[in-house]
Each structure stands twice: as C-alpha cells, then as structure tokens.
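# Secondary and tertiary structure notes
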Amino acid sequence: MKPLSAIMPALSFSLGFSLVSTVVMADTVSLPIDTLPSRITLPNVSPANSALANRGAYVARTADCMACHREDYSGGVPIETPIGNIYSTNITPSKKYGIGNYTEADLKKALRKGRAPGHQIYPAMPYPSYHGLTDDDISALFAYFQTVPIVDKPPEKTTHLPFPLNIRSLMLAWNIINVPSTENRSGLTQTQQRGEYLVNNLEHCGTCHTPRNLTQGLDKDRYLSGAPLGKWFAPNITPDNDTGIGRWSEMDIVTYLRTGTLDKHAYAGGPMAEAVAHSTRYLTDEDLIAMASYLKVVPAIKTDDYLIPVNISRLPQPVSNSITYNLLEQKDYLAQAKTNAVSSANNSGLNINSPKDLYLANCASCHGVDGYAQPDARYASIVGLSSIRRVKPDALVGVIAFGAKGAFNTAPKMPGFSKDLSPAQIASITNYVRVTFGGLPNSDVSAADVTRVIKEKS
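A few points on the structure. (Residues numbered from 1 in each chain as written. Predicted model: local features only at pLDDT ≥ 70, side-chain atom pairs only at ≥ 80, totals over all residues. Heavy atoms only, no water.)

Bringing helix α11 (residues 270–278) into the picture now. Looking at α11, one finds that the buried residues are Gly 270, Ala 273, Ala 275, Val 276, Ala 277 and His 278. Where α11 is buried, its residues meet α2 (51–62), α3 (65–69), β6 (232–234) and α10 (250–259). (Buried < 20%, exposed > 50% of the residue type's maximum accessible area, 1.4 Å probe, protein only. Helix = DSSP H or I, 4+ residues; strand = E, 2+ residues; numbered from the N terminus. Contact = heavy atoms within 4.5 Å.)

Going through the model one piece at a time under the given rule, you end up with eight aromatic pairs. Ring centres of Tyr 127 and Trp 174 lie 6.5 Å apart, and the angle between their planes is 75 degrees; this geometry places the pair in the edge-to-face category. Placement of the pair is Tyr 127 in helix α5 (residues 127–130) and Trp 174 in helix α7 (residues 170–178), with a sequence separation of 47 residues. Note on Tyr 127: relative accessible area 0%, which makes it buried. When the ring of Tyr 144 is compared with that of Phe 145, the centres are 5.4 Å apart and the planes differ by 50 degrees; the resulting orientation is tilted. Residue Tyr 144 shares its accessibility class with Phe 145, and that shared class is buried. Ring-pair connections join several aromatic residues into one group, and the members of that group are Tyr 73, Tyr 144 and Phe 145. (Phe/Tyr/Trp six-rings, centres within 6.5 Å; stacked < 30°, edge-to-face > 60°.)

Moving on: the nonpolar core. Counting 68 residues, the largest nonpolar core has Tyr 73, Phe 145, Val 199, Leu 224 and Met 291 as its most contacted members. Among the elements that take part in this core, helix α12 (residues 285–295) stands out by supplying seven residues, more than any other. Contacts of Leu 224, omitting those with residues within four sequence positions, involve Val 199, Cys 205, Gly 206, His 209, Thr 210, Pro 235, Asn 236, Ile 237, Thr 238, Leu 295 and Val 298. (Core = buried A, V, L, I, M, F, W, Y, C linked by side-chain atoms within 4.5 Å.)

This part covers the packing of helix α14 (residues 355–362) against helix α17 (residues 423–436). The contact between α14 and α17 brings their axes to 8 Å, and the two run at 95 degrees. One finds that α14 runs roughly perpendicular with respect to α17. In contact with Pro 355, Lys 356, Leu 358, Tyr 359 and Asn 362 of α14, α17 contributes Gln 425, Ser 428, Ile 429, Tyr 432 and Val 433. (Axes fitted to C-alpha atoms, helices over the stretch in contact; angles between N-to-C directions. Parallel < 35°, antiparallel > 145°, perpendicular 65-115°, else oblique.)

Our focus in this paragraph is a nonpolar patch on the surface. Taken together, Phe 163, Ile 167 and Leu 170 make up a surface patch of nonpolar side chains, about 310 Å² in accessible area. Overall, Leu 170 belongs to the partly exposed group, its relative accessible area being 44%. (Patch = residues over 30% accessible without salt bridge, like charges linked within 9 Å, V, L, I, M, F, W, Y side chains within 5 Å. Areas by Shrake-Rupley, 256 points an atom, 1.4 Å probe, with all protein chains shown as cover. Salt bridge = Lys/Arg side-chain N within 4 Å of Asp/Glu carboxyl O.)

Once that is clear, we can look at the environment of Leu 421. Mapped onto the fold, Leu 421 is located in the loop between α16 (394–402) and α17. Accessibility expressed as a relative area gives 10% for Leu 421, which makes it buried. On a C-alpha basis, the gap between Leu 421 and Asn 362 in space is 9.6 Å, while along the polypeptide they are 59 residues apart. Those residues in contact with Leu 421 that lie beyond four places of it in its chain are Asn 362, Ile 426 and Ile 429.

As a further point, take empty space enclosed by the protein. Throughout the structure, instances matching the rule amount to one cavity of 30 Å³ or more. By volume, the largest cavity amounts to about 70 Å³. Lining the largest cavity we find Pro 123, Pro 126, Pro 128, Ser 129, Trp 174, Thr 207, Arg 212 and Leu 218. Partitioning the lining of the largest cavity into residue classes produces five nonpolar, two polar and one charged. (1 Å grid on protein atoms, 1.4 Å probe; cavity = no way out; pocket = protein on both sides within 12 Å on 5 of 7 lines; lining within 4 Å. Points joined across faces, edges and corners; volume = space filled by probe spheres on them. Nonpolar A, V, L, I, M, F, W, Y, C, P; charged D, E, K, R; others polar.)

Here the focus is the pattern of salt bridges. Pairing between side chains of opposite charge can happen when their charged atoms approach one another. Applying the stated criterion across every chain, the model contains 15 salt bridges. Note that Asp 135 and Arg 112 form a salt bridge whose closest N and O atoms lie 2.6 Å from each other. In this pair, Asp 135 is assigned in helix α6 (residues 135–145) and Arg 112 in helix α4 (residues 104–113), connecting sequence segments 23 residues apart. Put simply, Asp 240, Asp 242, Arg 247 and Lys 302 are held in one network by salt bridges that share partners.

Attention now moves to unusual backbone geometry. The step from Phe 163 to Pro 164 runs through a cis peptide bond, and the omega angle for that step is 0 degrees. Looking at the element boundaries, Pro 164 is found in the loop between α6 and α7. A cis amide bond links Val 179 with the next residue in sequence, Pro 180, at an omega value of 0 degrees. Relative to the helices and strands, Pro 180 resides in the loop between α7 and α8 (190–202).

This is the structure in structure tokens:
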C-alpha cells in the first residue's frame, strides 16, 4: 500500500498519542523515547475517515489482521494447524462474500466467542485471545472495517476439513475448556497493564509462542515458553536467562519489534516477519515500551532448548568497514574466496563435501563470506544470531531446508535447499554456520537430524 500525503505524519502522530495517553502515563515509561527506532506511519489512516475509524485502523494493526487476511482483507491465506489447513475469510464490507452484513454485535461475538452469524469459527482465528478485547477497541474496529475497500469475491481457497472436524458446533465444547486463553494479573504498573493487553489480547503472542494442551488449546502453565509452528518454531519469550529472552533489555525488545532485527541476537523470519511487517513496526513508541515492560515480568519458564551464550571473541569480524553496504566489494570478496577454495582443491572446483565450500556456493552470495551480509539491502546478517546458538539445531535446519521470508516486502526471500542439497550437505552447512558465525566450539548435526526435521516439518 502506498504512503499517504504529507499531511498524514501529523495525523498519525496525533492518533498515536490519543491511543495511549489515557492508558499509559508518561511517568511510567522507562525508556527514552527519542532513542527508539523510528516508527513507520500507518498506511491505512485517511483524513476522510472519522476519528473512530482511524483509531480502528490502528487497532487492526495491533491485532495483526493483515497477516492472515491479506493486505486487502480478501482472505484465502492458509493457516497451518494440527487438523489441516484453515483458510482465512474475506473480512471486507462485501455483503455477499465478506462481513458487510455484520452488526457491531456480530463482530463482538466473532472476536470474543468465535461465533459468526450462522456458524462457529475455528480457533485459527485467535478469538481465545481476542476474547479480552475492550468494547471501545471493537467499536473502533467495526467503524474501520466499514471504510475498507470492498472485495466482492470469495477467497481463492476455503476451509474443507474431514469428518468429524468439519462439524463446527464441536467448537462450543472446545470453547468451554479453552476460552479465554489468558488471565489478567494483579500488581502490574499502568504501562505493564497496557503491555499485558497488547501481548495477551490484541497481538495474541501466545497463539504462536505457547505450547498446546491435549485439546489443542493454549497450555497456560507454559505460557510463552515456545512452541512448534508449522515449519517454524516460535521461541521461548519468557524472561528466562538461559532459554528465553531474559538477557534482552527492554530496548532490545522494542528494537526487535520495530525493526525485525537485533544485532547478534535475532532476525525475524516466517510468521514473526509477518507480525513485524504488518503490525509491530506500526505501533506507537509507548505501546512497544508497554509490551517490552510486560514481557520482562511474565513468569520465567526454563525449557530444554538452551541458548548457548554468545562468545564475542569467537565471532568473525567484517573484513572492512564498507563491505556490508558496498555490493561490488562484497561480490569481489566472494569471488576471491571461491578462487582461493578452488586453488586449495587443486583447481578441481569447489568441494561439495567441504562445509566451507558448500557455504560459499549456496549461502555467501546473500549472507556474505564473513556472515555480515548487506543489511541496507535487507540481506540478513547471521553473525551471533540466537537461532544458530540453540542446543537444538532444528530451527536453523528448518530455515536452511525450507527457506525464510524477511520482515518487509522489500526483503529478499531466502530459498530452501531441501530439494537441491542432500541431508548430509545441509548438515555440513548447519555445522559450519553454528561454529563460524555462532561462535560455538563445535557442532555435530548429522544427516539423520536433517532428515528427521524435514520429515517432521513437511
């Protein structure tokens, strides 16, 4: 969607201020706002809309509606679940194919109870989290969706589950057990209360980051401690120092949510990339600070997927101060590295059994010989990333095997290599990356490990 006119930054600022000023008081904000990464102006706020509708545009961003329903809200996006793919619906004001006939009461039932006019909604739509939405936010959402351009056609694909899963009324019993998915805590500051509302309800972070119980509802006892997510794994985001984000500062959390990157820590890919692209990068500074403040006080949960602390002394240094943005220098350095590798192999070409040569042939053109890539062109630096420093290598293996999408539309998409490389070759690259760019003393990922991950996630 294209940026709006020059008058919009002022409107966006006033809108953002009004959204949080009555909830988060200035004296409860702990981070200096002028040091935060710049916020991106909302692209779907219009001077022609009412103040209520424009507030709803912000609520839609915080609820991450576009990630599942597309940027035009036309639906048809597959959502992977243990019972099969569930496809999102058209939520434009189309009276035939969308929600044009909804009343505000209908929208409230859909969001809080998973009840659409005439049928139950599958919880792939996170109504167990949306259950906690305020009346004011739902009213704003309703006003906003009435201003969305109509897409008068059905989604390209719709949900068809096998019997008995196609009996939607079964969700009534499921709801009794699993709705709501979270409970509010006492003893929080005003900032943390706002963060709790954002994390637990609007942003529905637990939907991805919380393990499931036997009924496929959220396991409240392991809230935010990490969970498998299709081909991905949503990591532990509790403040545990060894397996979660306990060593992250509030500024680190804000930076990651705003930009999708955190130097030598994390790079958003897959579903998290979508969350950053469609939602968190648009949030006000105060709301991101609130989320960070709350995530620092949720109960810490230690899991068995330990994060090996980064050893800075073992990490490579950029070969120059300019190589991360100078394309020609990056290209020439890669060519020289390949030439050196070939020369050491007696001019027989790159060695397909050499971990370094495999990396140079398949990865270095994007991530760089030294791993620092070209962040300005949105090629991800992989030096020190937490995903390559975990005891369990499954997440890294999955990215190499199946690829990844960056946080922004302009970011290049990483291809998957499961069809082009053997499990043994993927294991070699995995070990090379973990040792060379993760600073690990050793790594013993095997071809059998790769085969298992590919089988589990295919």
